[in-house]
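Close look at the chain arrangement
Here is what each chain is made of, one letter per residue.
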Amino acid sequence: MPRLGRGAWWLLGSELVSALGSGVTAPLLVVYLHAVRDIPIGPATLAAAAGPLVSLFGNPLGGVLADRFGARHVIVAGLVLTAAATAALGTVQSLPAVVAIIALLGGGLSIALPAQDSLLGHLIPPEQRSTAFSLRYLGLNLGLGAGGLLAALAVNTDNPSSFTLAYVADGATFLLAALAVTVPALRKTAPTRAARIPLRETLPRSRPLWLVCALGALFTLVGFGQFKIAAYGVTGASARLLGLAYLANTLTVVAAQLPILRLTRNWARHRILAVVGVLWAGAWLLVWSADTLWSGCLVIAAGVIALGECLMATSLPPIVNDLAPDHERGRYNASFLMACTLGNLAVPALAGTLLGGGLGTHLPLILAALACVTVLPCLRLRNLLPVPTTTREPEPEPATG
């Protein structure tokens, strides 16, 4: 078991608990709004986008607040707001109320997330950050996967009260996560708040950071979020095949995250990111070939994308925290998360434009080209990152007699 310190394990455990609750409710949001609350599918889908839109403002705000008041306080406040909004979503009736509550939910999460990244980056020394962020990504996938399984077993559109119970339970997991952040192990190690930072300086002025943010947005655009649209829109895959592809993605992350961490222990982080671009270019070529060669290529592609996700977890968030000075750690992580949110919002825009214009067959090739485009900027990071930029952890000291 990695020696990350008690505070880091409490923080990672709190995120695992909240991910379990989110796994129950997040995949079913549009189904719940449409089938249970009788909101038309179009408005229900648009309402679900309120959270990511609010995140564009919540992420930088969360970063500033974390730097000014301390990351731990911001995490607790964001999670409590998220808990209240999530529980309320289980009883909401009208469309305006749905939009308002989803906006509050997205606001709470978007404030808490950069503070969580900031606190984890503070608790972990540079040589262990790849391990910490890899374990975090593994825990999130385990929580979301287990939550999805619970949802499949317990939630039913014929029983609306099951949705209400699910959302209340999800809210309770956020409260538990907030409570976990208040333990003495984190109170003693949390960074002290920095000098007051003017709001006009919400975004840091760092060329290396913004290159990393641009890569984060681009990777988000060509990653698994895009797969959810392209796999169906391009190949017309069946629900069963798509389900197998999603399962392959989750299982690959769970099975491969720790072996990949060990394999890349001595790799430079900028080279790990370059490998992600190559892997994802190959994955999209597999998607493109699924329509003409073998439909099972979709399942393989989902697994290949998962390998890239594992590599990103060992490199991209640690790079952000390697670059960040302690007094700006919240703003650095917030800028990166905001860039990823922009990439996520661009996913349906790109796919919808091409699919709607009859150019859907070209979408995988365009995404493969975009993945290749990331390789050169990743390699250029070599001269912009602090040294060392590998995932190597210190060897244990020999016992002395």
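Reading the values: rules and limits
Residues numbered from 1 in each chain as written. Predicted model: local features only at pLDDT ≥ 70, side-chain atom pairs only at ≥ 80, totals over all residues. Heavy atoms only, no water. Helix = DSSP H or I, 4+ residues; strand = E, 2+ residues; numbered from the N terminus. Buried < 20%, exposed > 50% of the residue type's maximum accessible area, 1.4 Å probe, protein only. Contact = heavy atoms within 4.5 Å. Areas by Shrake-Rupley, 256 points an atom, 1.4 Å probe, with all protein chains shown as cover. Axes fitted to C-alpha atoms, helices over the stretch in contact; angles between N-to-C directions. Parallel < 35°, antiparallel > 145°, perpendicular 65-115°, else oblique. Nonpolar A, V, L, I, M, F, W, Y, C, P; charged D, E, K, R; others polar. Phe/Tyr/Trp six-rings, centres within 6.5 Å; stacked < 30°, edge-to-face > 60°. Expected span 1.5 Å × (residues − 1). Salt bridge = Lys/Arg side-chain N within 4 Å of Asp/Glu carboxyl O. Patch = residues over 30% accessible without salt bridge, like charges linked within 9 Å, V, L, I, M, F, W, Y side chains within 5 Å. Core = buried A, V, L, I, M, F, W, Y, C linked by side-chain atoms within 4.5 Å. pLDDT = per-residue confidence, 0-100.

Re the overall build of the chain
Tallying secondary structure elements over the chain gives 17 helices and 0 strands in all. A buried classification covers 52% of the 401 residues belonging to the chain. Counted over contacts in the chain with a minimum sequence separation of 6, partners at least 24 positions apart contribute 85%. Of the accessible surface of the chain, which amounts to about 17,900 Å², a share of 68% is contributed by carbon and sulfur atoms.

Some details on the side chain of Ser22
With respect to the element layout, Ser22 can be found in helix H1 (residues 6–25). Of the residues examined, Ser22 reaches a relative accessible area of 17% and is grouped as buried. Other than its neighbours up to four places away in sequence, Ser22 contacts Pro27, Leu144, Asp170 and Phe174.

Digging into the packing of H1 against helix H8 (residues 160–180)
Between H1 and H8, the least distance of the axes is 8 Å, while the angle of their chain directions is 170°. When the interaxial angle is binned, H1 and H8 end up roughly antiparallel. Listed contacts from H8 to Trp10, Ser14, Val17, Ser18, Gly21, Ser22, Val24 and Thr25 of H1 are Ala166, Tyr167, Asp170, Thr173, Phe174, Leu176, Ala177 and Ala180. Class assignment of the residues belonging to the contact of H1 with H8 gives a composition of 9 nonpolar, 6 polar and 1 charged.

Focus on the environment of Val287
Its location among the elements puts Val287 in helix H13 (residues 269–290). A C-alpha to C-alpha distance of 8.9 Å links Val287 and Ala302, two positions 15 residues apart in sequence.

Some thoughts on the packing of aromatic side chains
Throughout the structure, instances matching the rule amount to 3 aromatic pairs. Ring centres of Tyr32 and Phe163 lie 5.3 Å apart, and the angle between their planes is 25°; this geometry places the pair in the stacked category. Here Tyr32, found in helix H2 (residues 29–36), pairs with Phe163, found in helix H8; they are 131 residues apart in sequence, far enough to count as distant. According to the relative accessible area criterion, Phe163 is buried, its value standing at 3%. Seen in terms of ring centroids, Phe219 and Trp280 are 5.7 Å apart; in terms of plane orientation they differ by 85°. Their pairing is edge-to-face. Separated by 61 residues along the polypeptide, Phe219 in helix H10 (residues 207–222) and Trp280 in helix H13 bring together distant segments of the chain. A single burial state applies to Phe219 and to Trp280, both of which are buried. Through successive ring pairs, a cluster of aromatic residues spans Tyr32, Phe163 and Tyr167.

Quick look at helix H15 (residues 329–356)
End to end, H15 covers 41 Å across 28 residues, agreeing with the expected 40 Å (1.5 Å per residue, within 8%). One or two residues past the end of H15 sits Gly358, with phi positive at roughly 75°.

What about the pattern of salt bridges?
Under the counting rule described, the total for this entry stands at 7 salt bridges. Bridged by salt links that share partners, the residues Glu15, Asp117 and Arg136 form one connected network.

Considerations on a nonpolar patch on the surface
On the surface, Leu16, Leu142 and Val254 cluster together into a nonpolar patch covering about 210 Å² of accessible area. Here Leu142 shows up in helix H7 (residues 129–154). Assessed through its relative accessible area of 41%, Leu142 is described here as partly exposed.

Describing unusual backbone geometry
Its identity as a non-glycine residue notwithstanding, Asp38 has a phi of 60°, on the positive side. Position of Asp38 relative to the elements: it lies in the loop between H2 and helix H3 (41–48). Look at Asp38 and you get exposed, because its relative accessible area is 64%.

Things to note about the environment of Ala180
Relative to the elements of secondary structure, Ala180 occurs in helix H8. Not counting the four nearest positions on each side in its chain, Ala180 is found in contact with Trp10, Ser14 and Leu186.

Focus on the packing of helix H5 (residues 71–89) against H8
Contact geometry for H5 and H8: axes closest at 7 Å, N-to-C directions at 170°. One element, H5, and the other, H8, form an angle in the roughly antiparallel class. For the pair H5 and H8, contact is made by Val76, Leu79, Val80, Thr82, Ala83, Thr86, Ala87 and Leu89 and by Tyr167, Val168, Asp170, Gly171, Phe174, Leu175, Ala177 and Ala178, respectively. Partitioned by chemical class, the residues of the contact of H5 with H8 number 12 nonpolar, 3 polar and 1 charged.

Some thoughts on the nonpolar core
The biggest cluster of nonpolar side chains holds 56 residues, and the ones touching the most others in it are Val212, Phe219, Phe227, Leu273, Trp280 and Trp284. Of all the elements, helix H14 (residues 297–323) adds the most residues to this core, at 14 residues. Beyond its immediate chain neighbours, meaning those up to four positions away, Phe227 contacts Ala245, Tyr246, Trp284, Val287, Leu298, Ala301, Ala302 and Ile305. Within the second largest apolar cluster, 27 residues are counted, among which are Ala8, Val74, Ala112 and Phe174.

A look at the environment of Pro204
You can see Pro204 is positioned in the loop between helix H9 (184–187) and H10. The exposure class of Pro204 is buried, given its relative accessible area of 4%. Residues Pro204 and Arg331, 127 residues apart in the sequence, show an inter-C-alpha distance of 6.6 Å. When near neighbours in sequence (up to four residues on either side) are disregarded, Pro204 contacts Leu209, Trp210, Glu328, Arg331, Tyr332 and Ser335.

Quick word on the confidence of the model for the chain
In this model, the chain carries an average pLDDT of 83, and 88% of its residues clear a pLDDT of 70 or more. Put simply, helix H11 (residues 224–235) is where the chain has its lowest mean pLDDT, 70, and H5 is where it has its highest, 93. Low confidence marks residues 393–401, where pLDDT is under 50. Its contacts with residues over four positions away, or in another chain, come to 5 contacts.

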